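One letter stands for each residue in the lines below.
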Amino acid sequence: MADTFDIVVIGGGPGGYNCAIRAGQLGLNVACVESGPTLGGTCLNVGCIPSKALLHASELYETAGSHMAELGIKTKGVELDLAQMMKAKTETVDGLTKGIAFLFKKNKVTHITGRGRIVSAGQVEVTDGKGKKTTLTTKNIVIATGSEVTPCPGIEIDEERIVSSTGALALNAVPKTMVVIGAGVIGLELGSVWRRLGAKVHVVEFLPRILPGADGELAKQAQRIFKKQGFTFQLGTKVTGIEKLKSKLKLNLEPAAGGDATTMDADVVLVAIGRRPVTAGLGLDEVGVKTDERGFIQTDHWKTDVPGVWAIGDCTTGLMLAHKAEEEAVACAEAIAGKAAHVNYDVIPGVVYTSPEIAWVGRTEEELKEAGIAYKKGAFPFAANSRARANHQTDGFIKVLADATTDEILGVHMMGAQVSEMIGEAALAMEFKAASEDIARTCHAHPTLSEALRQAAMGVEGWTMQM
Ligand code: FAD
Ligand code: NAD
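Residues numbered from 1 in each chain as written. Chains lettered and ligands numbered in written order. Predicted model: local features only at pLDDT ≥ 70, side-chain atom pairs only at ≥ 80, totals over all residues. Heavy atoms only, no water.

Trainee: In this structure, what is going on with the overall build of the protein? I would like to understand it.
Mentor: Helix and strand counts for the protein come out as 14 helices and 22 strands. Compactness check: the protein gives a C-alpha radius of gyration of 24 Å against a globular reference of 23 Å for 467 residues, within 12% of the reference. Per-residue burial for the protein yields a buried fraction of 49% across its 467 residues. If you take every contact in the protein between residues at least 6 apart in sequence, the share linking residues at least 24 apart comes to 62%. (Helix = DSSP H or I, 4+ residues; strand = E, 2+ residues; numbered from the N terminus. Rg over C-alpha atoms; globule rule 2.2 N^0.38 Å. Buried < 20%, exposed > 50% of the residue type's maximum accessible area, 1.4 Å probe, protein only. Contact = heavy atoms within 4.5 Å.)

Trainee: Sorry, what's going on with the site of ligand 1 here?
Mentor: In the region of ligand 1, 38 residues are neighbours, and Gly-15, Glu-34, Thr-42, Lys-52 and Gly-116 sit closest. With respect to ligand 1, the side chain of Asp-314 contributes an N or O atom lying 2.9 Å from an oxygen atom. Elements with a minimum of two residues in the shell around ligand 1: helix H1 (14–25), strand S2 (30–34), helix H2 (41–46), helix H3 (48–67), strand S4 (115–120) and helix H9 (322–336). If one sorts the elements of the shell around ligand 1 by residue count, H2 sits on top with four residues. Looking at the shell around ligand 1 residue by residue, the class counts come to 15 nonpolar, 18 polar and five charged. (Near = heavy atom within 4 Å. Polar contact = N/O pair within 3.5 Å; in protein donor to acceptor, adjacent residues only side chain to side chain. Nonpolar A, V, L, I, M, F, W, Y, C, P; charged D, E, K, R; others polar.)

Trainee: When you look at the sheet that holds strand S20 (residues 375–381) in this model, what are you seeing that I'm missing?
Mentor: Across a sheet, paired strands are connected by hydrogen bonds in the backbone, their directions being either parallel or antiparallel. The strand order across the open sheet built from five strands is S18-S19-S22-S21-S20, with neighbouring strands paired in antiparallel fashion. Two strands close off the open sheet at either side, each with one partner strand: strand S18 (350–352) and S20. Mean inter-strand twist for the sheet, computed between neighbouring axes without regard to direction, equals 10°. Pairing geometry for strand S19 (residues 357–362) and strand S22 (residues 409–416), over six bridges, is antiparallel. What sits directly across from Trp-360, in S22, is His-413. (Pairing = 2+ DSSP bridges. Axes fitted to C-alpha atoms, helices over the stretch in contact; angles between N-to-C directions.)

Trainee: Quick question: what am I supposed to make of empty space enclosed by the protein here?
Mentor: If a probe as big as a water molecule is rolled over the atoms, it shows which places are left empty. Inspection of every chain in the model, using the stated rule, returns one cavity of 30 Å³ or more. Approximately 40 Å³ is the volume attributed to the largest cavity. Lining the largest cavity are Val-149, Ser-165, Ile-186, Val-271, Ala-272, Gly-274 and Arg-275. Class assignment for the residues of the lining of the largest cavity results in four nonpolar, two polar and one charged. (1 Å grid on protein atoms, 1.4 Å probe; cavity = no way out; pocket = protein on both sides within 12 Å on 5 of 7 lines; lining within 4 Å. Points joined across faces, edges and corners; volume = space filled by probe spheres on them.)

Okay, here's the thing in structure tokens:
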């Protein structure tokens, strides 16, 4: 193996592996150092992919057991085989992580297994599993070390009864009761998995609302639907400690605003209060790479303030999403190769893969109001969309927000079946700076769920017409 490179990428998640592959495509001599046994990072191993595999399987289980009869399909003896469901998830993960190893070979990326540490701009020391150290010399270093679970003060995660998302993706039995701490994306997605498989799920959230970051109207309606599904919510509350008894967990709770403490029992607790950057032991202080007060690496166009050291993905400021990491990865590799590189941070979609799905791109109504931007709004319920009616999937709506003067689309917010696949149309329109009229006057196939987006766009000028 050569030990002199154009780029050494530290971390093999969506940020790191996409950066390395793009650099390889551009003819650069690139190595990717990953400490884990497989490539793919959080996303492929313990994040996006295993969670979506379980969300899909658990939704089919719930549908087969409870919702098929209304469509005239009688099911008998639907049974859960949790071990097989987990096996199918693991097979998907294995296949995808091997796929990245294949792409590395195809694009001439050197994959190095070991823990990377920056010794100086231009030198990365790698320690392998046996403690053997190698020093790589490189023109550029890209830090893509990602994120890890934020611990909850006073609560020790054991990944068996008190779990993070990683443990919640691998439980070997369905708990009777699960308390989820944090009504964010992970809490609602993995809470949905275990609720569908039979757990009674109670969500404790510090803020007075669920899904901070999502449009308020969307979050409110979503909470109503989740309640109907059997979730219970306790907002404005924090968990201050958990006593581990032999037969159960005893949680201590307090109102966020202060007040009397209460207790609650659970079989399993999922801690999902956010993620924090992974930068410990990387040598950042020694080489002078600056982080903010929460430990995120500060960058300007993916450059840190040390020449030749770049950073992308979850370990930097901004949204902690795989596709944000991927955008930065490509831009960073292209910038290093001397090309014009750009990421449009205003058009990064967000999706919550619950049922119904929730998706958005651009600004929320709250953000537009706070910025003093005058906007027009069109909305359309799936209850009035013929395909949603035919499919018996009528929960949710689509809302289009457009500039009051120019009609440029400023935000699109969706809740409904398959909206994760529909948000791309809105993102593409926004990339092209489309007006709401552009979507309103684009012919959409009938009957499709995406007609609801067109109807919502028509609603901006008040000419919604479909039923
Ligand atoms: P990571 O994927 O965290 O990768 C960093 C890699 O660096 C890791 O493999 C780590 O082992 C390695 N590393 C760290 N330090 C070193 C070192 N010193 N030397 C060598 N290697 C090192 N996002 C979405 O967009 N959609 C989703 O549906 C979604 N679902 C999620 C579900 C869950 C349960 C979780 C936890 C996250 C989910 N995310 C999702 C977020 C997504 O996983 C992250 O945003 C994404 O993985 C970030 O990519 P990254 O490359 O920056 O970091
Ligand atoms: P999050 O930031 O989405 O939600 C955390 C929630 O916990 C917030 O609502 C917060 O107010 C609450 N909270 C914080 N401290 C609390 C406390 N002490 N007690 C009670 N509630 C508390 O974080 P997450 O759900 O852990 O997800 C982490 C990251 O992973 C997110 O940035 C997310 O973007 C990413 N992720 C994305 C997807 C997706 O795109 N579908 C799925 C899973 C995870």
